Amino acid sequence: MNKTDISVIMPIYNGEKYLEETLDSLLKQTYKDFEIICIDDASTDTTRDILQRYRRTDDRIRILKNAEHAGAAFSRNRGIRAAAGKYITFLDGDDIFEEDMFYAARNAMIEHSLDLVMYEIKTVSSEHIYEKQSVPRNDRFIEKYCMSPFSVCECEPIEFLNWSDSPWSKLYRKDFIINNRLEFQSLPSSNDVYFVNMALFLAEKVLMLNDRRVMVYAREHNVSTRISSNRDPMCAYKAMEKIGTELVGREIFPRAFQHYYHKLFFALIFAVRKTKDEEKAMGFYNFLQQEGVDRLTRLTPDYRKKIDQYIYQLSEKYKKE
């Protein structure tokens, strides 16, 4: 296997509609030393033909094919094992990227010896996906997150909610992923929540890229067949449960419990509100009241009453209604 600097891991399932645009966007990167590992998740459209056509013109594109449809988590984990790069990122096959994304992220990784670097992502509609955008940042934000490395536990717990659960807004050091045995969780939805949050909890040196430009333009879809249109809230619950279990098992919980509980209860609230099926949402809420919240807080009963008062009241709220 030839060594390369950055490995792009891209799971694709029936992605023919936007795949060419995404590959063209990646191949325009100003930094050129990368590979694109495309995992065809048993697509039934022309995805395979498109990938083979691009592969013939650019040998940085590698194609893996799943024998059967296995989902994004399986495909990303397979991509990690196949990656030759020193750094890894996880991108989707329907998004568009700023041309300097790799150049800027890699420079930050090297300059500060980071475990991972984060950059700006924005969800936009297809008609606006090529419009360049930037985000406002105040001096305090830049000083705190963009100038020198930090760890999550050095931040205020409420600030942890600022960091996206999306894997595609980050560049990771591959050794960091391998040494910490990080994998994507096998779930129908929310399968990236565990990976991203555990990476943030475990990383000793994190930085937000000191660049206001949006680097990833995530395409907004309003299609009823997409998972995101009808997510199962129990997947979000299982992801947060696994994070809690791992934090305890890896002996990280004593320094991370405030951050975990902040993330946990806001994630549960979000899961209820984003469930479009009213019956499913009510069933999930009843589950939280009857056993779900207690099951999570029983992971570490000694810490429950040490958490922030507002978050503690949120946990009690499920029992009272």
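Residues numbered from 1 in each chain as written. Predicted model: local features only at pLDDT ≥ 70, side-chain atom pairs only at ≥ 80, totals over all residues. Heavy atoms only, no water.

Caption draft 1: The overall build of the protein chain, seen in detail. Along its length, the protein chain carries 11 helices and 10 strands. Against the 2.2 N^0.38 benchmark of 20 Å for 321 residues, the protein chain shows a C-alpha radius of gyration of 20 Å, consistent with a compact globule. Its C-alpha atoms put the protein chain at 60 × 45 × 35 Å along the principal axes. Residues counted as buried form 55% of the 321 residues belonging to the protein chain. A separation of at least 24 residues holds for 81% of the contacts in the protein chain among residues at least 6 apart in sequence. Summed over all atoms, the accessible surface of the protein chain reaches about 15400 Å², with 47% contributed by carbon and sulfur. (Helix = DSSP H or I, 4+ residues; strand = E, 2+ residues; numbered from the N terminus. Rg over C-alpha atoms; globule rule 2.2 N^0.38 Å. Buried < 20%, exposed > 50% of the residue type's maximum accessible area, 1.4 Å probe, protein only. Contact = heavy atoms within 4.5 Å. Areas by Shrake-Rupley, 256 points an atom, 1.4 Å probe, with all protein chains shown as cover.)

Caption draft 2: Spotlight on the sheet that holds strand β1 (residues 4-12). Sheet architecture is open: 7 strands sit in the order β3-β2-β1-β4-β8-β6-β9, paired in mixed fashion. Strands with a single pairing partner mark the edges of an open sheet, and in this sheet they are β3 (61-65) and β9 (206-208). Strand-to-strand, the axes of this sheet are offset by a mean angle of 20 degrees, without reference to chain direction. Contacts from helix α3 (residues 72-82) reach β1, β2 (34-40), β3 and β4 (85-90), with the element oriented near 160 degrees to β1. Each of β1, β2, β4, β6 (116-118), β8 (170-173) and β9 touches helix α4 (residues 101-112); the most contacted strand, β8, lies at about 40 degrees to it. (Pairing = 2+ DSSP bridges. Axes fitted to C-alpha atoms, helices over the stretch in contact; angles between N-to-C directions.)

Caption draft 3: Geometry of the sheet that holds strand β5 (residues 96-97). Pairing in this open sheet of 3 strands is mixed, and the strands run β5-β10-β7 from one edge to the other. Every other strand in the sheet has two partners, leaving β5 and β7 (120-124) as the edge strands with one partner each.

Caption draft 4: Quick look at the packing of helix α8 (residues 233-249) against helix α9 (residues 253-274). One way to put it is that α8 packs onto α9 with a least axis distance of 10 Å and a crossing angle of 175 degrees. Overall, the two elements α8 and α9 adopt an arrangement that is roughly antiparallel. Contacts between α8 and α9 pair Pro233, Ala236, Tyr237, Met240, Glu241, Ile243, Gly244, Leu247 and Val248 from the former with Phe253, Tyr260, Lys263, Leu264, Ala267, Leu268 and Ala271 from the latter. Residues that form the contact of α8 with α9 fall into these classes: 13 nonpolar, 1 polar and 2 charged. (Parallel < 35°, antiparallel > 145°, perpendicular 65-115°, else oblique. Nonpolar A, V, L, I, M, F, W, Y, C, P; charged D, E, K, R; others polar.)

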